[in-house]
Amino acid sequence: MPIGFVESKEKEEESWIDDLIRHILTCLDQDCERCAHAVAIDFIGFLKAS
């Protein structure tokens, strides 16, 4: 990382969303708590509304 380069908070927020989407699309575990939680909070609906 170059000297003086500062990552914004938005980049941090986007990275967890990207990680979660990648996980949901590739997860093959039917009992996955992370996927179940995303469904419970209607994560896909949240993304569509954004």
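What this report covers is the structure whose coordinates are included nearby. (Residues numbered from 1 in each chain as written. Predicted model: local features only at pLDDT ≥ 70, side-chain atom pairs only at ≥ 80, totals over all residues. Heavy atoms only, no water.)

Broken down by element type, the protein chain carries 3 helices and 0 strands. Taken from N to C terminus, the helices and strands of the protein chain fall in the order α-α-α. The proportion of buried residues among the 50 residues of the protein chain is 10%. On the protein chain, roughly 4,700 Å² of surface is accessible, and the fraction owed to carbon and sulfur atoms is 58%. (Helix = DSSP H or I, 4+ residues; strand = E, 2+ residues; numbered from the N terminus. Buried < 20%, exposed > 50% of the residue type's maximum accessible area, 1.4 Å probe, protein only. Areas by Shrake-Rupley, 256 points an atom, 1.4 Å probe, with all protein chains shown as cover.)

Let's shift gears to the pattern of salt bridges. Counted under the stated rule, the structure contains 1 salt bridge. Where Arg22 meets Asp19, a salt bridge forms, and the shortest distance between an N and an O atom there is 3.4 Å. Within this pair, Arg22 and its partner Asp19 are both found in helix α1 (residues 9-26), separated by 3 residues, close to a single helical turn. The exposure class assigned to Asp19 is partly exposed, which follows from its relative accessible area of 41%. (Salt bridge = Lys/Arg side-chain N within 4 Å of Asp/Glu carboxyl O.)

This next bit is on the state of the cysteines. Summed over all chains, the structure comprises 0 disulfides. Cys27 takes part in no disulfide bond, and the closest cysteine sulfur to it belongs to Cys32, at a distance of 3.8 Å. Look at Cys27 and you get partly exposed, because its relative accessible area is 23%. There is no disulfide at Cys32, and the cysteine sulfur nearest it, in Cys35, is 3.8 Å away. (Disulfide = S-S within 2.5 Å.)

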